[in-house]
Amino acid sequence: MAGRAEPSGPAACGGAPGLLPLLLLLLSAAAIIPRGDGQNLVTEDVTVVEGDVATISCRVKNSDDSVIQLLNPNRQTIYFRDFRPLKDSRFQLVNFSNSELRVSLTNVSISDEGRYFCQLYTDPPQEIYTTITVLVPPRNLVIDIQKEIAVEGEEIELNCTAMASRPATTIRWFKGNKELTGKSEVEQWSDMYTVTSQLVLKVGREDDGVPVICLVDHPAVKDLQTQRYLEVMYKPQVRVSQNYPAQGLTREGEPLELTCAAFGKPQPTDMRWLRVDDEMPQHVVVSGSNLLISNLNKTDNGTYRCEASNAVGKSHADYMLFVYDPPTTIPPPTTTTTTTTTIPTTITDTTATTEPAVHDSRAGEEGAIRSVDHAVVGGVVAVVVFAMLCLLIILGRYFARHKGTYFTHEAKGADDAADADTAIINAEGGQNNSEEKKEYFI
């Protein structure tokens, strides 16, 4: 109807023979431009997971009762209005009207991917296409581990493979809740991709029983993952505990009981006690994981070791024993008797009965050492005083002796001199042949 109305336009305008062909040319050009602003057809691209349903919609913005048809990538007509000439029953009509043709495609496969054309039979015809993209999730997700059972400290290799996906998948690794980094390789087979991610992991005893998770990131699937639990063998972990005395010091004459506990994988089967750098005392009783000394003495001092072993290795734990002096005993309290009543004497100083602290456990020995030190110091002082007295006596005798000799020589010749002047001359050596008299101080 619009086509028949167009010729009357130029006549009404008074005749313009060159304007009508130009106007028709512009309208025809606008009609055949796909996806242009003047396009009367509307559709959207479709992304679907393999095996699901894809829905194709061809809509007319301004309907003029023109015929709508849908064509496949081979340009075969799927639907002409509400009639389906194509024999593929997977295509089903969802909605048909003057303004829309909507068709569903069930059980979509890779072969269905491509461009589908919506055509509107106008003069000239209009055409627009929509693209169907088919996503293929990984068909199989597998973790291969290099060693089913690892030993503590070893490095193991794990490989996670996501097969036949489209597009290529992204693989992420987790150990427990901690994300790890792997190395991925992608192989393409036709339109499919196989991705293999490698993870190298050094394991410890804390990794035993921890899951290693391979997680897939892919637009066609959510929360696709697989996991393997690590099995790690490790040598024993040994701990020595003191059962008796539960608290306090190990004193001479008292018993001592120790217990050795060992945990490992596999569980330790061999456990033994020994004394480091010395032989085990004969009175020590060892029963399985327990060690008992019924009567401690100073000769028991030393380091006692508990060793445990399994198929992986051997470990040990040490206990250092120091036997302290027995606690000091207080003599029985004295009593004063009056008529019929006995009054005990109260001792206010309680330090003698108080258990010494760990750092003061050698108080008795230190008191003995202090008393010995006082005796030694006293002896040294006595010897020094005696030596000083002896020195004073010797010096006194020396000075006294030299003083007596001086007065004796001064008086030389005084007995034979007639007067004082002669005596002085004789004392200076004038009488050489005179008999000298000497005095001795006893």
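Let me sum up the structure you'll find in this document. (Residues numbered from 1 in each chain as written. Predicted model: local features only at pLDDT ≥ 70, side-chain atom pairs only at ≥ 80, totals over all residues. Heavy atoms only, no water.)

### Considerations on the overall build of the protein
Phase 1: When helices and strands are tallied, the protein shows five helices and 27 strands.
Phase 2: Buried residues in the protein amount to 30% of all 442 residues.
Phase 3: In the protein, the share of contacts with a sequence separation of at least 24, taken over all contacts with a separation of at least 6, comes to 61%.
Phase 4: For the protein, the computed accessible surface area is about 28600 Å², with 55% contributed by carbon and sulfur atoms. (Helix = DSSP H or I, 4+ residues; strand = E, 2+ residues; numbered from the N terminus. Buried < 20%, exposed > 50% of the residue type's maximum accessible area, 1.4 Å probe, protein only. Contact = heavy atoms within 4.5 Å. Areas by Shrake-Rupley, 256 points an atom, 1.4 Å probe, with all protein chains shown as cover.)

### Some remarks on the packing of aromatic side chains
Phase 1: A complete count under the given rule lists four aromatic pairs for this structure.
Phase 2: When the centroid spacing of 6.4 Å and the interplanar angle of 65° are considered together, the rings of phenylalanine 117 and tyrosine 129 count as edge-to-face. Taken together, the positions of phenylalanine 117 in strand S8 (residues 114-121) and tyrosine 129 in strand S9 (residues 126-135) put the pair twelve residues apart, joining distant regions of the chain.
Phase 3: Here the basic side chain of arginine 75 rests over the ring of phenylalanine 117, its NZ or CZ set 4.3 Å away from the ring centre.
Phase 4: In this structure, arginine 115 packs its charged tip against the face of tyrosine 129, placed 4.1 Å from the ring centre. (Phe/Tyr/Trp six-rings, centres within 6.5 Å; stacked < 30°, edge-to-face > 60°. Lys NZ or Arg CZ within 6 Å of the ring centre and 35° of its normal.)

### With respect to the state of the cysteines
Phase 1: For the coordinates displayed, the defined rule picks out three disulfides.
Phase 2: One disulfide bridge connects cysteine 160 with cysteine 214, the sulfur atoms lying 1.8 Å from each other. Sign of the S-S torsion, about -80° for the bond between cysteine 160 and cysteine 214, identifies this disulfide as left-handed. Residue cysteine 160 is found in strand S12 (residues 155-165), and its partner cysteine 214 is found in strand S17 (residues 211-218); the two are separated by 54 residues along the sequence. One exposure class covers both cysteine 160 and cysteine 214, and it is buried.
Phase 3: Here cysteine 260 pairs with cysteine 306 through a disulfide, and the sulfurs are 1.9 Å apart. (Disulfide = S-S within 2.5 Å.)

### A short note on the environment of serine 97
Phase 1: In this fold, serine 97 is placed in the loop between strand S6 (91-96) and strand S7 (100-105).
Phase 2: Note on serine 97: relative accessible area 26%, which makes it partly exposed.
Phase 3: The sequence separation of serine 97 and aspartate 82 amounts to 15 residues, and the corresponding C-alpha distance is 8.7 Å.

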